[in-house]
Amino acid sequence: MQDAIIKGIGNSRYLKTVGEALSLYPTYEDFMQAMVAGIFPVDFNGINKDGWTQQGTLLNKANLLSDTVISTLGLSTGADSTPNDAFNVLANIGNVHVWRKTVTTDEGIPEVPEVPPSYKLGEAQTQYFIRDKDRGKAITMLYSNSVSVSYDGRVSLVSPSSVVITTTNTTYPFTYVSGKFIQAQGGGTGVEPETTSIFYMKPSGVLQNSGESSSWDVYGTECQMVNGIAAVPGTPAVPPGTHITYLTSVNRNAYQEGDDAKEAGYVLGDMASGYLFASAWTGNASNYYYSETIKVSDTGTLTQENVKSYTANATNDSWVSNIQSAIRGKFITVSGEKDNGGSEGTNLVYIPDDAIVSYFENGVSLGYPYNYGFLVNKMQQVTGYPAIPAGTTIEYLGVLGDKTSIETGSYVGTGTSGSGNPNTLTFGFEPKFVHIQSYSIGDGDSTGYGFAFFLSGTRGFTIGPSSSNDLFSLKAKFNKNILSWYQANEYAQLNEKSVKYFFTALG
């Protein structure tokens, strides 16, 4: 990439405004008011090369985060991915699981149209525009018949006019702002408006001042906040055929595997212990929300059903019994007060029937985020996974960044054999290929059974005595990171008594 070096002579870029700018803002005062209000329309209209000593590399999707990189990293956010999504995957290399999603359609998936930006009016309220005890303070109020909403949801007045509002004169300006969209601006009398948000002033409202000796506040009744709503991008049509995307998550259970239609569901994680609630202060309350059942949406979102709750303070162990009775055999979430030094609860977990709750102090020294709270010795994380629609296949591919693993070692034969006496090797990973070789091979080995090969998914084999070189099948079984096998005799099983065998495993 190349840095841009600007000459600094005032001509590096072009600006462009709307064709009717002169009629919209005929005077310099109109122009400056629009600029101050932030509503003067303008585009950056490109680079003027004469204003640069060196033009820099332009940032765009192609050189910042291309679709090829998105596919390579398996970003589940697809074309909407940002560099932050990519950095997050790279930061978790070795811990990011990847699935391949294949969608096959005969007729294609229709396009979902884009929802344009819009706005909605809030509840009618009383809104203060000037809060001041002095008479004669003034602000400028912009008003217009309509508003526009940018693509990202920002609201602006369209071709606004203006009127001055003072703390002593509200009746006259009200005739201008009634039934209009309004926005307060700073005045020239040393007072700033309470808000510069855009409101709609209902005709039934009133603009008035307090008129009291201690206050000359100006406020309007029946004002409605104008809330902008950003555009919702549409979804492009998917043509007929086969379409492959990649899904990623640091949670191995985030997606189910299989083909064709499958309902959404959930899975319970490994049994673990940990804190239910941790607090910086004993007076912070913890809320335990528990339920017998949970509901899973098609997208895998989990929701507790028929929720009940129990509240306890992190004061001492007097709360333990009630907490334990409430949450055993339940799905629970825990939250708490954060005002007094902070606290932290628990996301959705399942608590077994025999779980034991206890109280702790000095939690920071134990590795917890705060000093006081409650522990549980058994809980299981609950992970929801989305449904698989018809015509869709999801395959688990492994962990992003996994490299080839190699493990070597040895064992000494025991002289036993057969299905009741299998040999077993346990590795630090799931092996794909294992080779075993006798220490004495080629050195007067009378049996001839000197080595064996095992390939994941097959039964394995050993080569017989050198006089015949026959292949003998081994009854092998791979179970994750464990390989076991047997044969009819100890020689073919590579388990001759007191003989040393060496092995190499690849995964």
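Use the structure listed above.
Residues numbered from 1 in each chain as written. Predicted model: local features only at pLDDT ≥ 70, side-chain atom pairs only at ≥ 80, totals over all residues. Heavy atoms only, no water.

Engineer: For this particular structure, what's the right way to read the overall build of the chain?
Structural biologist: Scanning the chain for helices and strands turns up seven helices and 36 strands. By the compact-globule yardstick of 23 Å for 507 residues, the chain is too spread out, its C-alpha radius of gyration being 36 Å. The dimensions of the chain, computed from C-alpha atoms along their principal axes, are 115 × 70 × 50 Å. The 507 residues of the chain split such that 36% are buried. On the chain, roughly 28,500 Å² of surface is accessible, and the fraction owed to carbon and sulfur atoms is 50%. (Helix = DSSP H or I, 4+ residues; strand = E, 2+ residues; numbered from the N terminus. Rg over C-alpha atoms; globule rule 2.2 N^0.38 Å. Buried < 20%, exposed > 50% of the residue type's maximum accessible area, 1.4 Å probe, protein only. Areas by Shrake-Rupley, 256 points an atom, 1.4 Å probe, with all protein chains shown as cover.)

Engineer: Looking at this model, I keep getting lost on the sheet that holds strand S15 (residues 241–249). Mind explaining?
Structural biologist: Adjacent strands of a sheet form backbone hydrogen bonds with each other and so pair up, either parallel or antiparallel. Here four strands make up an open sheet; going across it, the order is S15-S5-S27-S16 and the pairing antiparallel. If you trace the sheet from one side to the other, it starts and ends with S15 and strand S16 (258–259), each paired once. Two strands pair when backbone bridges link them, and strand S5 (residues 96–105) and S15 are joined in this way by nine bridges, in the antiparallel orientation. Bridge pairing in S15 links His97 to Ser249. (Pairing = 2+ DSSP bridges.)

Engineer: Help me understand a nonpolar patch on the surface, please; the structure alone is not making it clear to me.
Structural biologist: A surface patch of nonpolar side chains, about 440 Å² in accessible area, is lined by Tyr28, Met32, Met35 and Val36. Turning to its location among the elements, Tyr28 is positioned in helix H2 (residues 28–37). (Patch = residues over 30% accessible without salt bridge, like charges linked within 9 Å, V, L, I, M, F, W, Y side chains within 5 Å. Salt bridge = Lys/Arg side-chain N within 4 Å of Asp/Glu carboxyl O.)

Engineer: Would you mind going over the environment of Asp259 with me for this structure?
Structural biologist: Tracing the chain through its elements places Asp259 in strand S16. Considered as a pair, Asp259 and Asn92 are 167 residues apart in the sequence and their alpha carbons are 28 Å apart. The contacts of Asp259, once residues within four sequence positions are left out, are Thr392 and Thr393. (Contact = heavy atoms within 4.5 Å.)

Engineer: Any chance you could explain the pattern of salt bridges here in plain terms?
Structural biologist: Any two side chains of opposite charge can pair, given that their charged atoms come close. Using the criterion set out here, one finds seven salt bridges in the structure. Asp50 is paired through a salt bridge with Lys49; the nearest N and O atoms lie 3.7 Å apart. A relative accessible area of 44% means that Asp50 is categorised as partly exposed. Residue classification places Lys49 among the exposed residues on the basis of a relative accessible area of 57%. Here Glu395 and Arg100 are joined by a salt bridge, their closest N and O atoms 3.2 Å apart. Here Glu395 is found in strand S27 (residues 392–400), whereas its partner Arg100 is found in strand S5, with 295 residues between them in sequence. Take Glu395: its relative accessible area is 32%, and that puts it in the partly exposed class. Looking at Arg100, the relative accessible area reads 25%, which means it is partly exposed.

Engineer: So what exactly am I meant to see when it comes to the sheet that holds strand S35 (residues 482–485) here?
Structural biologist: If you trace the three strands from one edge of the open sheet to the other, you get S29-S35-S34, paired in antiparallel fashion. A strand with exactly one partner marks an edge of an open sheet, and here the two such strands are strand S29 (423–426) and strand S34 (477–479). Looking at each pair of strands side by side, their axes are set apart by 15 degrees on average, direction ignored. Relative to S35, S34 is paired through three bridges, and the arrangement is antiparallel. From the neighbouring strand, Asn479 faces S35, where its bridge partner is Ile482. (Axes fitted to C-alpha atoms, helices over the stretch in contact; angles between N-to-C directions.)

Engineer: Even after reading the chapter, I still don't get the packing of aromatic side chains, so can you show me in this structure?
Structural biologist: Each aromatic ring pair is specified by the distance between its two centres and by the angle formed by the two planes. The full count for this structure, using the stated rule, is 22 aromatic pairs. Their ring planes at 50 degrees and their centres at 5.2 Å tell us that Tyr128 and Tyr219 sit as a pair that is tilted. You can see Tyr128 sitting in strand S6 (residues 118–130) and its partner Tyr219 sitting in strand S14 (residues 218–229), a full 91 residues away along the chain. A residue is classified by how much of its surface remains accessible, and Tyr128, at 28% relative accessible area, is partly exposed. Accessibility expressed as a relative area gives 15% for Tyr219, which makes it buried. Their ring planes at 55 degrees and their centres at 5.9 Å tell us that Tyr143 and Tyr176 sit as a pair that is tilted. Taken together, the residues span a long stretch of sequence, with Tyr143 in strand S7 (residues 138–144) and Tyr176 in helix H6 (residues 171–177) at a distance of 33 residues. Members of the aromatic cluster, joined through ring pairs, are Tyr25, Tyr28, Phe31 and Phe40. One cation-aromatic arrangement involves Arg252 over Tyr396; the distance from NZ or CZ to the ring centre is 3.5 Å. (Phe/Tyr/Trp six-rings, centres within 6.5 Å; stacked < 30°, edge-to-face > 60°. Lys NZ or Arg CZ within 6 Å of the ring centre and 35° of its normal.)

Engineer: Explanation requested: helix H7 (residues 320–327) in the structure shown.
Structural biologist: Three or four residues apart is the spacing at which side chains of an α-helix point the same way, because the helix has 3.6 residues per turn. Taken as a whole, H7 has its buried residues at Val320, Ile323, Gln324, Ala326 and Ile327. All buried residues of H7 lie within an arc of 165 degrees about the axis, which places them on one face of the element. At the C-terminal side of H7, Gly329 shows a positive phi close to 70 degrees. (Arc of directions from axis to C-beta.)

Engineer: I'm lost on unusual backbone geometry in this one. Help?
Structural biologist: Note on backbone geometry: most residues besides glycine have negative phi, and most peptide bonds are trans. Of note in this structure, Asn362 is not a glycine but carries a positive phi near 55 degrees. With respect to the helices, strands and loops of the structure, Asn362 is situated in the loop between strand S25 (357–360) and strand S26 (372–385). Although it is not a glycine, Lys480 sits at a positive phi angle of roughly 55 degrees. Note on placement: Lys480 falls in the loop between S34 and S35. What makes Lys480 exposed here is its relative accessible area of 61%.

Engineer: Got a minute to help me understand the environment of Pro113 in this structure?
Structural biologist: Mapped onto the secondary structure, Pro113 falls in the loop between S5 and S6. Placed 119 residues apart in sequence, Pro113 and Val232 show a C-alpha to C-alpha distance of 9.0 Å.

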